[in-house]
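Fold and contact review
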Amino acid sequence: MSPKKKKAAKKPKAKKAKEAEEIEEPEEAQDEAEEETEDATEEEVEEEGEEEVEEEIEEVVEEVVAGTAPLWVWGLGRRKTAVARVRVRPGAGQVVVNKKALDAYFPTRRLQARAVEPLKAVKLEGSVDVFANISGGGITGQAEAMLMGLARSLSKYDETTEVVLRSAGYLTRDARMVERKKYGRRGARRRYQYSKR
């Protein structure tokens, strides 16, 4: 290759490098400008969020001072595959389960009584409102999950009740679950009938 051709081959590369540098400089400037605007917007959002939180806290404090705050206390209960989220607050003894009255949701008196046993144990019937959201499992599991959730929320609501609730066994999780079905059998343990002929 002749020296002229080498020079000619080198010139376009040099031009391309200069063009790339010129292109990169505005991109870097744009990136820096974008980062600055992002930082500014993040700071504004954080400031706005802090102001909103402070306003909410002030409102809650005013409600507590005025005595109009609902003062919910939460408890979570589980039994078998049922999960119950139970809230308690001072009230007139209203019990609502999944937006229905207790006796409308649980069909039998035994289940209705079982679900609110902790209230009777600590003698708070008629003095607190109970709201429960229950999902999963069957009706018996749901009643016992509500029992545990209610007991937990009552122990937080009034710490002096914990001794009574714990001694009655309401704060202990019942770990029993349905045994799995086995292959070659009709159920967990039930076998198919043996036929000799």
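So, a few notes on the structure that sits alongside this text. (Residues numbered from 1 in each chain as written. Predicted model: local features only at pLDDT ≥ 70, side-chain atom pairs only at ≥ 80, totals over all residues. Heavy atoms only, no water.)

Turning to the overall build of the protein chain, a few remarks are in order. A count of helical and extended segments in the protein chain gives 6 helices and 5 strands. Looking at the protein chain residue by residue over its 197 residues, the buried ones come to 25%. Looking at the protein chain as shown, the accessible area adds up to about 14800 Å², and 51% of this sits on carbon and sulfur atoms. (Helix = DSSP H or I, 4+ residues; strand = E, 2+ residues; numbered from the N terminus. Buried < 20%, exposed > 50% of the residue type's maximum accessible area, 1.4 Å probe, protein only. Areas by Shrake-Rupley, 256 points an atom, 1.4 Å probe, with all protein chains shown as cover.)

Tallying each qualifying case throughout the model produces 2 aromatic pairs. Judged by centre distance (5.3 Å) and plane angle (80 degrees), the rings of Trp72 and Phe131 are edge-to-face. Separated by 59 residues along the polypeptide, Trp72 in the loop between α1 (3-66) and β1 (73-79) and Phe131 in strand β5 (residues 128-135) bring together distant segments of the chain. Look at Trp72 and you get partly exposed, because its relative accessible area is 28%. Taking 5.1 Å as the distance between ring centres and 90 degrees as the angle between the ring planes, the aromatic pair formed by Tyr105 and Phe106 counts as edge-to-face. On the accessibility criterion, Phe106 (0% relative accessible area) is buried. A cation over an aromatic ring shows up here: Arg87 above the ring of Trp72, its NZ or CZ 4.4 Å from the ring centre. (Phe/Tyr/Trp six-rings, centres within 6.5 Å; stacked < 30°, edge-to-face > 60°. Lys NZ or Arg CZ within 6 Å of the ring centre and 35° of its normal.)

The next point concerns the sheet that holds strand β2 (residues 82-90). The strand order β1-β2-β5-β3-β4 describes an open sheet built from 5 strands, whose pairing is mixed. A single partner strand is all that each edge strand has here, and the edge strands are β1 and β4 (100-101). (Pairing = 2+ DSSP bridges.)

Taken together, the side chains of Arg78, Arg85, Arg152, Lys156 and Arg173 define a basic patch exposed on the protein surface. As for its position among the elements, Arg173 is in the segment after α6 (162-167). (Patch = residues over 30% accessible without salt bridge, like charges linked within 9 Å, V, L, I, M, F, W, Y side chains within 5 Å. Salt bridge = Lys/Arg side-chain N within 4 Å of Asp/Glu carboxyl O. Lys, Arg positive; Asp, Glu negative; His and termini not counted. Charge placed at Lys NZ, Arg CZ, Asp CG, Glu CD.)

A few words on the pattern of salt bridges. A full pass over the atoms with the stated rule returns 9 salt bridges. A salt bridge links Glu144 to Arg114; the shortest N-O distance between them is 3.8 Å. Taken as a pair, Glu144 in helix α5 (residues 139-157) and Arg114 in helix α3 (residues 109-115) lie far apart in primary sequence, 30 residues in all. The partner of Glu162 in a salt bridge is Arg166, and the shortest N-O contact between them spans 3.4 Å. Here Arg166 and Glu162 lie together in helix α6, a separation of 4 residues that amounts to about one turn. Through salt bridges with shared partners, a single network forms among Arg79, Arg114, Glu117, Glu144, Asp174 and Arg176.

This brings us to the side chain of Glu144. At 2.8 Å, the side chain of Glu144 and the side chain of Arg79 are in polar contact. Setting aside its immediate chain neighbours within four residues, Glu144 contacts Arg79 and Arg114. (Polar contact = N/O pair within 3.5 Å; in protein donor to acceptor, adjacent residues only side chain to side chain. Contact = heavy atoms within 4.5 Å.)

Tracing the chain through its elements places Met148 in helix α5. As a C-alpha pair, Met148 and Arg85 span 63 residues in sequence and 9.6 Å in three-dimensional space. Residues in contact with Met148, not counting those within four places in the same chain, are Gly77, Arg78, Tyr170, Leu171, Thr172 and Arg173.

On to the side chain of Asp129. Structurally, Asp129 can be placed in strand β5. Judged by relative accessible area, which is 7%, Asp129 ranks as buried. At 2.9 Å, the side chain of Asp129 forms a polar contact with the backbone nitrogen of Gln94. When near neighbours in sequence (up to four residues on either side) are disregarded, Asp129 contacts Arg87, Val88, Arg89, Pro90, Gly91, Ala92, Gly93 and Gln94.

Relative to the helices and strands, Val164 is located in helix α6. Spatially, the C-alpha atom of Val164 lies 7.2 Å from that of Ala121, the residues being 43 residues apart in sequence. The residues contacting Val164, other than those within four sequence positions of it, are Ala121 and Val122.

This next bit is on the pairing of β5. When you tally the buried positions in β5, you get 6 out of 8 residues, the bulk of the element. Bridge count for β2 against β5 is 8 bridges, and the pairing is antiparallel. Note on β5: the bridge partner recorded for Arg87 is Phe131. Sheet analysis places strand β3 (residues 95-97) next to β5, joined by 3 bridges and oriented parallel. Counted as the bridge partner of Val97 is Ala132 from β5.

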